Amino acid sequence: MRTTVSAPTPVVVAIDGPSGTGKSSTSKGVAARLGMAYLDTGAQYRAITWWMLTRGIDPADTAEVAAAAEKPEIVSGTDPLAPTITVDGTDVSTPIRGAEVTGAVSAVSAVPEIRARITGLQRSIAAEAARSGAGIVVEGRDIGTTVLPDADLKIFLTASPEVRAARRSGELGGPQDAARLAATRADLVRRDTADSSRTASPLARAADAVELDTADLTLEQVIERVGAMIEERRSA
Ligand SMILES: Nc1ncnc2c1ncn2[C@@H]1O[C@H](COP(=O)(O)OP(=O)(O)O)[C@@H](O)[C@H]1O
Ligand SMILES: Nc1ccn([C@@H]2O[C@H](COP(=O)(O)OP(=O)(O)O)[C@@H](O)[C@H]2O)c(=O)n1
């Protein structure tokens, strides 16, 4: 008798949540373990913001930002072990993490023309990953609600602002004094408020998303829980 081992069904997974909840680390970790592609949609918004800033475009000038939305070519590499992001062929993975881009990204990403452009890119990357058989984990703010409303699995990560500020502050190294933690918390809450209150596709939990509070879980525990949910969908 011949036994055939069938490949797992390719699934599309949407992981959303505010800053510092563990979206990137969880998505990369779980995608690497399960042989799936990975897309960091925040990196795309950061990349287009970087392009605007390098061209001298004021992020608060909505009309100018909108007029330039189609101009830069943004390419995302989806290997979770080595994700890449380029703008017009330039590797921008380092500069997009700087304070200047972080301070401007919420204003740029609130512009509807920017969202339409980036959402189109995201949908074509997800469709290609589904076609290839690998499936994909896409993380961001509006993936489950707007970008991929038909995703096979939607997860919304949460954690208190205090926990998220401690994580972000820890990434920067050095002494973790109270003033620094308070400043990190304030920056993070400011960005979450801007992202949640914009009109165009705000940060929101989809009605059919599974909510997971990561505050008292290690990253390994979060990856295991999310991995188990994906495996369940793959075999369904
Ligand atoms: N469950 C967790 N416990 C402790 N630290 C975590 C956990 N999840 C993520 N981190 C750390 O918190 C920081 C922010 O995580 P990240 O994945 O970048 O969040 P997000 O993509 O939601 O902004 C990183 O330094 C990461 O290693
Ligand atoms: N799907 C997404 C992803 C990110 N963004 C925007 O991009 C910014 C940067 O996203 P990010 O995921 O890199 O942010 P952090 O990892 O710093 O939390 C967010 O603050 C949002 O303004 C968005 O509007 N929609």
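Residues numbered from 1 in each chain as written. Chains lettered and ligands numbered in written order. Predicted model: local features only at pLDDT ≥ 70, side-chain atom pairs only at ≥ 80, totals over all residues.

Within an unreviewed UniProt entry, the label attached to the chain reads Cytidylate kinase, and the organism entered is Streptomyces alkaliphilus. Looking at the Sequence similarities (unreviewed entry) heading of the UniProt record, one finds this comment for the chain: "Belongs to the cytidylate kinase family. Type 1 subfamily." The heading Subcellular location (unreviewed entry) in the UniProt record of the chain holds the text "Cytoplasm". (UniProt positions renumbered as here; feature names shortened; annotations may be inferred.)

## What to know about the UniProt feature "binding site: ATP" (unreviewed entry) in the chain
According to UniProt, the "binding site: ATP" (unreviewed entry) feature falls on G17, P18, S19, G20, T21, G22, K23, S24 and S25. With respect to the helices and strands, G17 occurs in the loop between strand 1 (12-16) and helix 1 (23-34). G17 sits in the buried class, given 25 other C-beta atoms within 10 Å. Every residue in contact with G17, bar those within four places of it in the chain, is listed here: K23, F156, L157 and T158. (Helix = DSSP H or I, 4+ residues; strand = E, 2+ residues; numbered from the N terminus. Buried ≥ 20, exposed ≤ 12 C-beta atoms within 10 Å, placed from the backbone. Contact = placed C-beta atoms within 7 Å.)

## Things to note about the site of ligand 1
Around ligand 1 sit 15 residues, and of these G22, K23, S24, S25 and R167 come closest. Only helix 1, helix 7 (161-172) and helix 9 (219-235) provide two or more residues apiece to the shell around ligand 1. Counting residues per element, the shell around ligand 1 draws most heavily on helix 1, which supplies 3 residues. A breakdown of the residues in the shell around ligand 1 according to their chemical character gives 3 nonpolar, 9 polar and 3 charged. (Near = placed C-beta within 6 Å. Nonpolar A, V, L, I, M, F, W, Y, C, P; charged D, E, K, R; others polar.)

## A few points about the nonpolar core
Counting 30 residues, the largest nonpolar core has V13, I136, V137, V138, L148 and I155 as its most contacted members. With residues up to four places along the chain from it excluded, the contact list for V13 reads V137, V138, A151, D152, L153 and I230. Judged by nonpolar contacts, the second largest core, of 20 residues, contains I48, A68, V108 and A110. (Core = buried A, V, L, I, M, F, W, Y, C linked by C-beta atoms within 7 Å.)

## Description of the sheet that holds strand 3 (residues 74-77)
Ordered by their spatial adjacency, 3 strands build an open sheet running 3-4-5, and the pairing between neighbours is antiparallel. Each end of this open sheet is capped by a strand with a single partner; those strands are strand 3 and strand 5 (90-91). Of the strand pairs in this sheet, strand 3 and strand 4 (residues 84-87) are connected by 4 bridges, and their pairing is antiparallel. Residue pairing across strands places S76 opposite I85, the latter belonging to strand 4. (Pairing = 2+ DSSP bridges.)

## Here's the deal with the packing of helix 2 (residues 41-54) against helix 5 (residues 112-132)
It is the contact of helix 2 with helix 5, at a shortest axis distance of 11 Å, that shows an interaxial angle of 135 degrees. One finds that helix 2 runs oblique with respect to helix 5. Along this stretch, helix 2 crosses helix 5, giving a crossing that reads as right-handed. Where helix 2 abuts helix 5, its residues T41, Q44, Y45 and I48 lie against I114, I118, L121 and Q122. Its residues assigned to classes, the contact of helix 2 with helix 5 comprises 5 nonpolar, 3 polar and no charged. (Axes fitted to C-alpha atoms, helices over the stretch in contact; angles between N-to-C directions. Parallel < 35°, antiparallel > 145°, perpendicular 65-115°, else oblique. Left-handed = near helix turned anticlockwise from the far one by under 90°.)

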